[in-house]
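# Close look at the chain arrangement
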Amino acid sequence: MNAAQAPEYGAVVIVGAGQAGAEVATELRACGYTGTLTLVHEEKGVPYARPPLSKAYLLGAATEADLAIRPASVYVEQRIEILSGTVDSIDRDNRRVRLHDGRELPYDAVILATGGQPRRLAGCDIERASNVHYLKTLADATALKKSLRTSSKLVIVGGGYIGLEAAAAARQLGLQVTVLEAQPRLLARVTSEPVSDFYRRLHESRGVDIRLASQIASFEFGAGGHVTAVTLADGERVACDVLLVGIGQQPRTELAERAGLAVTEGVLVDLACRSSDHRILAIGDCARQPCGADRTLRRIESVDNALQQARIAAAALTGKPLPVRVAPWFWSNQFDARLQSVGIYTPDCERVVRGDPQTDSSFSVWYLSAGALIAADVVSSPRDFAAARRLVGGGVSAIASKLADTSVPLNHLATSVICAASQVPSNSNSIQVSV
């Protein structure tokens, strides 16, 4: 097979039916691929969206049917076979995908969309307790939702997005919620102090007990092996009926490793999402790809990144021009606040705060590196976020003072970017804006 194009009557096997897997299947058809297309799904039913699991689904505002990425009829109409099963191995020499039940699927190309899996608490014997939950799949969310409706005290280990979204949902359901975070602030890995502090105040104002810099010493077990309390390193005991562990996720690379592909904290892929074997591509949370102006290898966990990589992979396999990568974006809903982020935040970048996170329900934080705007966090302002996507995507530089000035509308800055971009040579990496 040519490295850039799957044969007209070949076979493509997609391993993983999350957002990335579902998108690349339909995108291949949109790009004109007419060969056999098989989507291997570890779960039953059609592919579903995972972001609502920690929010609307827990609250009962979304049903299982609401989660479907596309109706089942779409896969039938587009001749995409959804095969329930688990892939054990990829035989690269004979080009066969082997499933756990013994079935084999011939392939001309494989797309790995295996996603990630929750990180486990190290050194803790809590895995068998029925009131201990991780949150990744629909089955996980369903079990947690059932537990929440028969409990009064929830302890969450981890103050990241999953933990905070679940905390907000549980409070709205009337539970007493305690969040134990090992770092000195919430969301420490993904955002800056102003955003972290805002969400700490938000959760505490709604009755969530936030414990920062908390180290777990041990767990107490009651009848039936349930975890009944968490003991902290300072000796404090925090009682619980339900325990949720949300300490991030790690890429599912075991299949790629068994196949002998290059793997380092993710399946290593090029700009076309091809792995070290050009017949095997990887997309979504499991893939580590050159990103940004510096082409640093990054693994980005977001729906938008999964969609972008799916389109790139489909184009690569059908010989189409590769879509231009744009700054990835992400969102998180907690109580009545909506955080929308665009670009790639790094802890060492310059920070510009627009608005007052201490008193305003809506504000934004902008991140610059070497004078260039690389990312932004926008809280509860869809209009400002629309401008942020245009500004970050425009490679803007030298506008820090304007960003902080709330008297200058962001849409004016974004309009200036478009005007300036039309006058900048195509090989320029940034746009100088003076408003």
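Residues numbered from 1 in each chain as written. Predicted model: local features only at pLDDT ≥ 70, side-chain atom pairs only at ≥ 80, totals over all residues. Heavy atoms only, no water.

## Topic: the side chain of serine 196
Mapped onto the elements of the fold, serine 196 is located in helix H6 (residues 193-205). On the basis of relative accessibility, which here comes to 1%, the residue serine 196 falls in the buried class. (Helix = DSSP H or I, 4+ residues; strand = E, 2+ residues; numbered from the N terminus. Buried < 20%, exposed > 50% of the residue type's maximum accessible area, 1.4 Å probe, protein only.)

## Some words on helix H1 (residues 19-30)
Residue pairs spaced three or four apart in an α-helix point in one direction, given the helix's 3.6 residues per turn. Given a rise of 1.5 Å per residue, 12 residues ought to cover 16 Å, and the 16 Å separating the end C-alpha atoms of H1 matches this to within 8%. In terms of burial, H1 is largely enclosed, as 9 of its 12 residues are buried. Against strand E1 (11-15), strand E2 (36-41), helix H3 (72-77), strand E3 (80-84), strand E7 (109-112) and helix H8 (303-317) lie the buried residues of H1. Looking at the residues trailing H1, positive phi occurs at glycine 32, about 95°. (Expected span 1.5 Å × (residues − 1). Contact = heavy atoms within 4.5 Å.)

## Here we look at the sheet that holds strand E5 (residues 96-99)
Read across the sheet, 3 strands follow the order E4-E5-E6 without closing on themselves; strand pairing throughout is antiparallel. The sheet is open, and its two borders are formed by strand E4 (87-91) and strand E6 (104-106), each paired with just one other strand. Taking the axes of each pair of neighbouring strands and ignoring which way they run, one obtains an average angle of 20° across the sheet. (Pairing = 2+ DSSP bridges. Axes fitted to C-alpha atoms, helices over the stretch in contact; angles between N-to-C directions.)

## Let's talk about helix H4 (residues 138-148)
Three or more residues of H4 are buried, namely Leu138, Ala141, Leu144, Lys145, Ser147 and Leu148. Contacts made by the buried residues of H4 are with helix H2 (56-59), strand E9 (132-134), strand E10 (153-157) and strand E16 (242-245).

## Topic: the sheet that holds strand E11 (residues 176-180)
Reading across from one edge, E9-E16-E10-E11-E12 is the order of the 5 strands in this open sheet, with parallel pairing throughout. One side of each edge strand has no neighbouring strand; the edge strands of this open sheet are E9 and strand E12 (209-211). In this sheet, adjacent strand axes meet at a mean angle of 20° when their direction is disregarded. Its contacts with the sheet put helix H5 (residues 161-172) on E10, E11 and E16, and the angle it makes with E11 is roughly 165°.

## With respect to the confidence of the model for the protein chain
For the protein chain, the average pLDDT comes to 91, and 92% of its residues sit at 70 or higher. Here residues 1-7 is modelled with pLDDT under 50, and outside its nearest four sequence neighbours on either side it reaches 24 contacts, counting other chains as well. Contacts of residues 418-435 to residues separated by more than four positions or lying in other chains number 26 contacts, the stretch itself having pLDDT below 50. (pLDDT = per-residue confidence, 0-100.)

## Focus on the environment of arginine 279
Within the secondary structure, arginine 279 is located in the loop between strand E18 (267-268) and strand E19 (280-282). We classify arginine 279 as buried; its relative accessible area is 14%. Along the sequence, arginine 279 and arginine 96 sit 183 residues apart, while their C-alpha atoms lie 12 Å from each other. A polar side-chain atom of arginine 279 sits 3.1 Å from the main-chain carbonyl oxygen of aspartate 108. (Polar contact = N/O pair within 3.5 Å; in protein donor to acceptor, adjacent residues only side chain to side chain.)

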